[in-house]
Amino acid sequence: MGRISMLVVDGDPDFRSMLRDYFYGDDVFEIVGEAGSGTEALEAIREHSPDIVILDTVLPGLDGIGVMKELSRMACALPRIVVFSSSGQEELIRRVSELGARSIFLKPFRMDVFRRRLERIMAVSGGGGKAAPPGEARANRPDGLEQEISLLLHRMAIPPHIKGYRYLRESVAMVVR
């Protein structure tokens, strides 16, 4: 089996470079392309047919949500979508979840946590191949509990940038499981 292909879509070339450098020579993951806008992302997805798309929500032209809407209209196997955002707005999290995002990361983030999440996404969904359509993806999403906990904490006015937020979220998950 080959490496898992990824496409990085972010308007910030430094962010794309950071991910490219981190995954350079990786035995499991391979970055097969990059895009700096939503329109470029759709073209790159058609060209490379990646297993995973790492997608920022804020992009020049067509934003990340627009890209996800267009992908849901395509009559082909969909890549798994991992969304990045610098905003933890509840409505944004809800919207990208509805559109089939497998995971949502708030910037800044730890690369080791990100890599483990990618491994978990691919392991739970059967490794290689493409994702199920968004409705099916939501039903089988491995991190649905974590998203529910994040939404609950957000409703309780606990912002994700405070110190100890991840610890609190993981503690709640441990108790629920």
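Our subject is the structure that appears above.
Structural notes, computed from the coordinates. Residue numbers here run from 1 along each chain, matching the order of that chain's written sequence. Since the coordinates come from a predicted model, pLDDT governs what is reported: local features require at least 70, and pairs of side-chain atoms require 80 or more to be given and counted, while whole-chain, interface and lining totals use all residues. Only hydrogens and water are set aside; all other atoms, that is, all heavy atoms of the structure, feed into the side-chain values.

1. Some words on the overall build of the protein
Secondary structure elements follow DSSP: runs of H or I no shorter than four residues count as helices, runs of E no shorter than two count as strands, and numbering proceeds from the N terminus. A count of helical and extended segments in the protein gives 8 helices and 5 strands. Starting at the N terminus and walking to the C terminus, you meet the elements of the protein as β-α-β-α-β-α-β-α-β-α-α-α-α. Partly exposed residues are those whose accessible area sits between 20% and 50% of the maximum for their type, while under 20% is buried and over 50% is exposed, using a 1.4 Å probe and protein chains only. With 177 residues in all, the protein has 47% of them scored as buried. Whether two residues are in contact is decided by their heavy atoms: any pair within 4.5 Å suffices. In the protein, the proportion of contacts linking residues at least 24 apart, taken out of those at least 6 apart, comes to 68%.

2. Let's talk about the sheet that holds strand β3 (residues 52–56)
Here a strand pair is declared whenever DSSP counts at least two bridges between the two strands. Taking strand neighbours across the sheet as the criterion, the 5 strands line up as β2-β1-β3-β4-β5 in an open arrangement whose pairing is parallel. The sheet terminates laterally at β2 (29–35) and β5 (101–106), the two strands that pair on one side only. For this sheet, the mean angle separating the axes of adjacent strands, direction not counted, is 20°. Note: strand β1 (residues 4–9) against β2, 6 bridges, orientation parallel. Looking at the pairing, V8 lines up with E34 of β2. Strands β3, β4 (80–85) and β5 of the sheet are contacted by helix α3 (residues 64–73), whose axis makes an angle of about 145° with β3. Fitting a line to C-alpha atoms yields each axis, with helices limited to the stretch in contact; the angle taken between N-to-C directions then spans 0 to 180 degrees. Here helix α4 (residues 90–98) sits on the sheet in contact with β4 and β5, set at roughly 155° to β5.

3. A short note on the pattern of salt bridges
Think of a salt bridge as a Lys or Arg side-chain nitrogen and an Asp or Glu carboxyl oxygen that are within 4 Å of each other. Considering all chains together, one arrives at 13 salt bridges under this definition. Between D10 and K107 there is a salt bridge, with the nearest N and O atoms lying 2.6 Å from each other. With D10 in the loop between β1 and α1 (13–23) and K107 in the loop between β5 and α5 (111–124), the pair connects residues that are 97 residues apart, well separated along the chain. For D10, a relative accessible area of 2% corresponds to the buried category. For K107, a relative accessible area of 25% gives the class partly exposed. Notably, a salt bridge pairs D26 with R115, separated by 3.1 Å at the nearest N-O pair. Residue D26 is located in the loop between α1 and β2, and its partner R115 is located in helix α5; the two are separated by 89 residues in the primary sequence. The burial state of D26 is the same as that of R115; both residues are buried. One salt-bridge network, in which partners are shared between bridges, spans E91, R94, R95 and E98.

4. Some words on the nonpolar core
Buried residues of nine kinds, namely Ala, Val, Leu, Ile, Met, Phe, Trp, Tyr and Cys, make up a nonpolar core once their side-chain atoms join them within 4.5 Å. By size, the foremost hydrophobic cluster in this structure holds 25 residues, and its most contacted members are V9, L55, M68, L71 and V96. Sorting the residues of this core by element identifies β1, α2 (38–48), β3, α3, β4, α4 and β5 as the ones contributing at least two each. For V96, the residues in contact, after removing those within four places along its chain, are T57, I65, M68, V83, A101 and I104. In terms of nonpolar packing, the next biggest core, distinct from the first, is built from 18 residues, I4, I52, I54 and M111 among them.

5. Here we look at unusual backbone geometry
Cis peptide bonds are those with omega within 30 degrees of zero, and the linkage from K107 to P108 qualifies with -5°. Within the fold, P108 resides in the loop between β5 and α5.

6. Here we look at the packing of α3 against α4
Their axes nearest at 10 Å, the elements α3 and α4 cross at an angle of 20°. The orientation of α3 relative to α4 falls into the category roughly parallel. α4 is crossed by α3, and the crossing has left-handed handedness. From α3, I65, M68 and K69 reach across to α4, where they touch L92, R95 and V96. Classifying every residue of the contact of α3 with α4 gives 4 nonpolar, no polar and 2 charged. Angle categories are assigned with fixed cut-offs, so that under 35 degrees is roughly parallel, over 145 is roughly antiparallel, 65 to 115 is roughly perpendicular, and the rest are oblique. Each crossing is labelled by how the near helix is turned from the far one, with a counterclockwise turn of less than a right angle marking it left-handed and a clockwise turn marking it right-handed. Lys, Arg, Asp and Glu make up the charged group, whereas Ala, Val, Leu, Ile, Met, Phe, Trp, Tyr, Cys and Pro make up the nonpolar group; the residues left over, Gly among them, are polar.

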